Amino acid sequence: MLLSLSSVLTSSIRPVSASPIRPTFRALFSTKALSIEDGSHNSARIIINDNVLSSLSPADSTTAISAAVAEAKVAKKASCWVQLQLPEAHSIIPAIHANDFVLHHAGGGSGGNHLHYFKWLKNSESMVPEFATHHVGVGGLVLNPARDQILLVRELRNSYSKWKCPGGLVDRGEGIERGVVREVFEETGVKVKFQRILTMRESHGMQFGTSDLYCVCECVVEGEFDENFVSAQANEIAEVKWVSFEEFKKLVWDEEPHPMMQHVLTALEKKDNDGGVGLRRKEVPSIVPGRKPGTMYLPFLGEPER
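The sections below set out a description of the structure shown in this document. (Residues numbered from 1 in each chain as written. Predicted model: local features only at pLDDT ≥ 70, side-chain atom pairs only at ≥ 80, totals over all residues. Heavy atoms only, no water.)

Attention shifts here to helix α6 (residues 245-255). For α6, every residue scored as buried is listed here: F245, F248, L251 and V252. Looking down the long axis of α6, one finds its buried residues gathered within 125° of arc, a one-sided arrangement. Turned more than 90 degrees away from the buried face of α6, the exposed residues are E246 and D254. (Buried < 20%, exposed > 50% of the residue type's maximum accessible area, 1.4 Å probe, protein only. Helix = DSSP H or I, 4+ residues; strand = E, 2+ residues; numbered from the N terminus. Arc of directions from axis to C-beta.)

Below is the structure:
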């Protein structure tokens, strides 16, 4: 039997812990319909019991959300967030909008499709950053062991160039190194090892209105080299082939002038002659407690010195 709203909203409220620096709480406001937990960056997260809250009337759902926001303000939180699982939470959206929450982003991730709303609680301009301003793309400039051939692909459709380096978008949480290794293998069937980033290009107004960071990465064949062992990705790639270094230079300088790849080849040749060009990968520990190590891409200058 569904509890009355008054009992739902008062059944499990506990006092806010006093702290002169940063009040914190975990499930301070815990009801049959929802609870509140600590979030990152001094935020509160409203955890919704979809089955209970959606069975309330629209007015009562709005009041329940409003009461949760009030508790977050008492705890001096900067923002309040709520994640709605679709389609289960569809009926709750009007209550979220009635409390002046703003849609931050929609996304899948683990666990299905979600809408992520937030409400800024301070009497100042919102400090919540926009979501997903950039995509990260990678292209693998793959060299054979003798470093005199480059692996290229010809796309099945929408090809703006006769031949290009294999590559694509980095997946969520994947990283540049793993992303380029995966993309090269998917498009060509060739297993490679990441060596360095040769250049990075930034473009704006790309897919979904986001900006795009594109990294050209030097890679080398991993394992035994067989020029004939290639496999074009079905429905994506029309042809895969190895071309000589000189043939590729002629392509990007004369046949289809490509300013970015001209710089890439210049950097690659300088690296082969002098060494030290590009950015190498290095994993470094974080100074933030509990955060996993991060990945740096830095020049070949050795380890830091005082």
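Turning our attention to the environment of V69. Tracing the backbone through its elements, the reader meets V69 in helix α3 (residues 58-74). A relative accessible area of 5% means that V69 is categorised as buried. Separated by 33 residues in the primary sequence, V69 and I36 place their C-alpha atoms 9.1 Å from one another. In contact with V69, other than residues within four places in its own chain, are C80, F101, K119 and L121. (Contact = heavy atoms within 4.5 Å.)

Further remarks concern the side chain of T188. Among the structural elements, T188 can be located in helix α5 (residues 176-188). There is a polar contact of 3.1 Å between the side chain of T188 and the backbone nitrogen of V190. Filtering out sequence-adjacent residues up to four positions away, T188 remains in contact with L151, V153, P166, V230, S231 and V240. (Polar contact = N/O pair within 3.5 Å; in protein donor to acceptor, adjacent residues only side chain to side chain.)

Let's shift gears to the nonpolar core. L53, I65, L84 and F101 are the most contacted members of the largest nonpolar core, which has 26 residues in total. Elements with a minimum of two residues in this core: β1 (34-39), β2 (43-48), α2 (50-53), α3, β3 (79-85), α4 (93-98) and β5 (114-120). The element best represented in this core is α3, accounting for five residues. Each residue touching L84, except ones within four places of it in the same chain, is listed here: I48, A89, I93, I96, N113, H114, L115 and Y117. (Core = buried A, V, L, I, M, F, W, Y, C linked by side-chain atoms within 4.5 Å.)

A few words on the environment of V240. Among the structural elements, V240 can be located in strand β11 (residues 237-244). Counting along the chain gives ten residues from V240 to V230, while the straight-line C-alpha distance between them is 6.6 Å.

Our next topic: the pattern of salt bridges. Scanning the entire structure with this criterion turns up 15 salt bridges. Note that R45 and E37 form a salt bridge whose closest N and O atoms lie 2.9 Å from each other. Among the salt bridges present, the one from E155 reaches K164, with a minimum N-O distance of 3.7 Å. Among the residues examined, K164 registers a relative accessible area of 15% and is labelled buried. If you follow the salt bridges from partner to partner, you end up with D171, E174, R182, E183 and E186 in one network. (Salt bridge = Lys/Arg side-chain N within 4 Å of Asp/Glu carboxyl O.)

This part takes up the sheet that holds β2. Spatially, β1-β2-β3-β5-β4 is the arrangement adopted by the five strands of the open sheet, whose pairing is mixed. For this open sheet the edge positions go to β1 and β4 (102-107), each flanked by a neighbour on one side alone. When the angles between neighbouring strand axes are averaged without regard to direction, this sheet yields 25°. Judged from the four bridges that link them, β2 and β3 form a sheet pairing that is parallel. Note that in β3 the partner of A44 across the bridge is C80. The strands touched by α3 within the sheet are β1, β2, β3 and β5, with β1 carrying the most contacts at an inclination of about 30°. (Pairing = 2+ DSSP bridges. Axes fitted to C-alpha atoms, helices over the stretch in contact; angles between N-to-C directions.)

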